[in-house]
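# Descriptive analysis of the structure
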Amino acid sequence: MNNLALDADYKPAVLSASGRAFAQISQFHPELTAFRRDLHANPELGFEEVYTAGRVAQALKLCGVDEVHTGIGKTGMVAVIKGQPSHANKPRPMIGLRADMDALPMTEHNAFGWKSAKAGLHGCGHDGHTTMLVGAARYLAQTRHFAGDAVLVFQPAEEGRGGAHAMIKDGLFERFPVDSIYAMHNWPAMQPGTVGINPGPMMAAADRITIEITGKGGHGAHAYLTVDPVLVAAHIITAVQSIVSRNVKAMDSAVVSLCSMHAGDPGAMSVVPGSATLIGTVRTFKPEVQDLVERRLHSLCSGIADAFGATAVLTYEKIYPATINSPAGYSMALAVAQALVGSQNVVRDLEPSMGSEDFSFMLQAKPGAYLRLGQGEQIADGKGGFTHGLGTQFLHNSRYDFNDAVLPLGAALFAGIVERSMPLG
């Protein structure tokens, strides 16, 4: 967090938006801010969100929701808010909204009063996402200006532990058969008061690759008697970068990154190890590109190792699929965002991110959409330019903090999706 955010005289931006939901939610903005900062001060990692889930359940009951179901996907929960009766002779519609609750295993380097009080950090803004969904719950339970059921999904373990998949396996959509489901994520690269979305992929598939190379160890002074796995690893590291540049179409997207290498002992300068391990990630949007990269990795690794008299075994794990908006979900979310902040403040073709998101599992099971909510506030520097203000530290940064100014906007966006998807009359 920068010093501007700590200055007692500094006032965050006051956002304006259209609609009854935003006006009503703005009235309890201070309460949402206090709730969000309490979650920030008490971060919990994936599947450990006991305090967080307890605070959310307490808040939901005070909001007056009709049902609170806990223990779905271990620490996940679902709230149900029943609106007005739906149209006669038609199935009662059901719309899902999802927020993630978990923190990251990071040390916080901020100095404000709501700094993490224990190990961990809400360095991706999930405290803000959870608070926005609680804000939407309070408004929807008070007004019930929709015909159908609103299903609010508070998901654990988004950060690499597959909480969405765990909730689905635990019967989420059998128990709550929503017609569609929506989620959003704060985005420091966009200004507060803006929303981003596109009609196709929003986030890439995330795969883990492990390459285990086996050679023949020996004395570094007599390397000719060895089969050096470090040398093999070096050639593999270089060669795999040709996959994207020489095998993937220029119009498609893919990333292959080998991010970790382990071989030998740093204290044994003259020992050629017998094995080496490379670990990395592959990011793609299309299944056919994903399959192509996997095939080429197998071929290159085994071929290079064989050329040096070694062996290489590739383990390819598909962790998260790509997060892809459905056409109808995109249209609905776009319409709600435009009505809320104005079409001039909505990016309709936001560039997809090569990051990943396990909301993708839910979008594989149900139609819907994933949006980005701008939160990066620019402050005039007095010299005709701007400096960075609240919410501009990027995600997963040790000085990141969610910009509380956007809490009513995000809550109103959630609520607007419910009201527009299940209109009265």
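What counts, and where the lines are drawn
- Residues numbered from 1 in each chain as written.
- Predicted model: local features only at pLDDT ≥ 70, side-chain atom pairs only at ≥ 80, totals over all residues.
- Heavy atoms only, no water.
- Helix = DSSP H or I, 4+ residues; strand = E, 2+ residues; numbered from the N terminus.
- Rg over C-alpha atoms; globule rule 2.2 N^0.38 Å.
- Buried < 20%, exposed > 50% of the residue type's maximum accessible area, 1.4 Å probe, protein only.
- Contact = heavy atoms within 4.5 Å.
- Areas by Shrake-Rupley, 256 points an atom, 1.4 Å probe, with all protein chains shown as cover.
- Lys, Arg positive; Asp, Glu negative; His and termini not counted.
- Charge placed at Lys NZ, Arg CZ, Asp CG, Glu CD.
- Domains from an automatic or database assignment.
- Buried area = accessible area lost by both parts, 1.4 Å probe.
- Salt bridge = Lys/Arg side-chain N within 4 Å of Asp/Glu carboxyl O.
- Polar contact = N/O pair within 3.5 Å; in protein donor to acceptor, adjacent residues only side chain to side chain.
- Nonpolar A, V, L, I, M, F, W, Y, C, P; charged D, E, K, R; others polar.
- Axes fitted to C-alpha atoms, helices over the stretch in contact; angles between N-to-C directions.
- Parallel < 35°, antiparallel > 145°, perpendicular 65-115°, else oblique.
- Left-handed = near helix turned anticlockwise from the far one by under 90°.
- Core = buried A, V, L, I, M, F, W, Y, C linked by side-chain atoms within 4.5 Å.
- UniProt positions renumbered as here; feature names shortened; annotations may be inferred.
- Expected span 1.5 Å × (residues − 1).
- Pairing = 2+ DSSP bridges.

## Things to note about the overall build of the protein chain
Assigned secondary structure in the protein chain consists of twelve helices and 18 strands. Taken over the C-alpha trace, the protein chain has a radius of gyration of 24 Å; the compact-globule value for 425 residues is 22 Å, and the two agree within 12%. Residues classed as buried in the protein chain amount to 54% of the 425 residues present. If you take every contact in the protein chain between residues at least 6 apart in sequence, the share linking residues at least 24 apart comes to 82%. Accessible surface for the protein chain amounts to roughly 18,100 Å². Of this, 54% is attributable to carbon and sulfur atoms. Once the 33 positive and 38 negative side-chain charges of the protein chain are each reduced to a mean point, those two points are 4 Å apart.

## Quick notes on the domain arrangement of the protein chain
Structurally, the protein chain comprises domain 1 (20-203 + 322-421) and domain 2 (205-320). Of note, the centres of domain 1 and domain 2, computed from C-alpha atoms alone, are 38 Å apart. Counting residues at the interface gives 19 residues for domain 1 and ten residues for domain 2. A buried area of about 930 Å², summed over both sides, lies between domain 1 and domain 2, and 68% of it is on carbon and sulfur atoms. On the domain 1 side of the contact with domain 2, Ala-322, Met-354 and Ser-356 bury the most area, a combined 58% of that side's loss. On the surface where domain 1 and domain 2 come into contact, there are zero salt bridges. In this structure, the connection of domain 1 to domain 2 is made through five residue pairs in polar contact (both at pLDDT 80 or more). Where the side of domain 1 that touches domain 2 is concerned, the elements lending two or more residues are β7 (201-203) and α11 (359-365). For the side of domain 1 that touches domain 2, the per-class residue count stands at eight nonpolar, six polar and five charged.

## Regarding the packing of helix α10 (residues 327-341) against helix α12 (residues 407-421)
Describing two packed helices takes the angle between their axes plus the distance from one axis to the other. Viewed as axis vectors pointing N to C, α10 and α12 meet at an angle of 125°, and their least axial separation amounts to 9 Å. As summarised for this structure, α10 and α12 are arranged oblique, according to the angle between their axes. Crossing of α10 over α12 shows right-handed handedness. Counting all contacts with α10, which are made through Met-332, Ala-335, Val-336, Ala-337, Leu-340 and Val-341, the residues of α12 involved are Leu-409, Ala-412, Leu-413, Gly-416, Ile-417, Arg-420 and Ser-421. Its residues assigned to classes, the contact of α10 with α12 shows ten nonpolar, two polar and one charged.

## Remarks on the nonpolar core
The tendency in soluble globular proteins is for nonpolar side chains to be buried side by side. Judged by nonpolar contacts, the single largest core of 92 residues is most densely connected at Val-78, Ile-81, Leu-152 and Phe-154. It is α12 that provides the largest number of residues to this core, a total of nine residues. Not counting residues within four places of it along the chain, the set of residues in contact with Leu-152 comprises Met-77, Val-78, Ala-79, Ile-81, Leu-97, Leu-133 and Ala-137. Core analysis: the second largest hydrophobic core is formed by 28 residues, Ile-209, Val-289, Ala-305 and Ala-312 among them.

## A closer look at the UniProt feature "binding site: Mn(2+)" (unreviewed entry) in the protein chain
In this structure's numbering, the residues bearing the UniProt feature "binding site: Mn(2+)" (unreviewed entry) are Cys-124, His-126, Glu-159, His-185 and His-396. In terms of the greatest pairwise C-alpha distance, the residues named above, spread along 273 residues, form a tight cluster of at most 13.1 Å across. Apart from the residues within four sequence positions on either side, His-185 is in contact with Cys-124, His-126, His-129, Glu-357, Tyr-370, Leu-371, Arg-372, Leu-373 and Leu-395. Tracing the backbone shows His-396 in the loop between β18 (386-388) and α12. Leaving out residues up to four positions away in the same chain, His-396 has contacts with Leu-104, Met-106, Gly-123, Cys-124 and Glu-159.

## Description of the UniProt feature "domain: Peptidase M20 dimerisation" (unreviewed entry) in the protein chain
Residues given the UniProt feature "domain: Peptidase M20 dimerisation" (unreviewed entry) here are residues 209-293. Summarising residues 209-293: 31% helix, 35% strand, and an end-to-end C-alpha distance of 11 Å.

## Topic: α10
Over its 15 residues, α10 extends 21 Å from the first C-alpha to the last, a length consistent with the 21 Å expected when each residue adds 1.5 Å. Of the residues making up α10, those classed as buried are Gly-329, Tyr-330, Met-332, Ala-333, Leu-334, Ala-335, Val-336, Ala-337, Leu-340 and Val-341. Positive phi appears at Gly-342, one or two residues downstream of α10, with a value of about 95°.

## Overview of the side chain of His-122
Tracing the backbone through its elements, the reader meets His-122 in the loop between β3 (94-100) and α5 (126-143). In this structure the side chain of His-122 is engaged in a polar contact, spanning 3.5 Å, whose partner is the backbone nitrogen of Asp-127.

## Observations regarding the sheet that holds strand β15 (residues 346-347)
If you walk across this open sheet you meet the eight strands as β1-β2-β4-β3-β5-β16-β6-β15, and the pairing is mixed. The outermost strands of the open sheet, each flanked by one partner alone, are β1 (67-72) and β15. Across two bridges, the pairing between strand β6 (residues 195-196) and β15 is parallel. Its bridge partner being in β15, Gly-196 is matched across the sheet by Val-347. Each of β5 (180-187), β6, β15 and β16 (368-374) touches α10; the most contacted strand, β16, lies at about 30° to it.

## Concerning the pattern of salt bridges
Under the defined criterion, the tally for this structure stands at 17 salt bridges. Here Asp-358 makes a salt bridge to Arg-98, at a shortest N to O gap of 3.2 Å. Within this pair, whereas Asp-358 is found in the loop between β15 and α11, its partner Arg-98 is found in strand β3, the two being separated by 260 residues in sequence.

## Some thoughts on the sheet that holds strand β10 (residues 254-263)
Spatially, the four strands line up as an open sheet ordered β10-β12-β8-β13, and their pairing is antiparallel. Among the strands making up the open sheet, the edge pair consists of β10 and β13 (311-320). Pairwise comparison of adjacent strand axes, ignoring direction, gives a mean angle of 20° for this sheet. Contacts from helix α8 (residues 229-247) reach β8 (205-214), β10, β12 (275-284) and β13, with the element oriented near 170° to β10.

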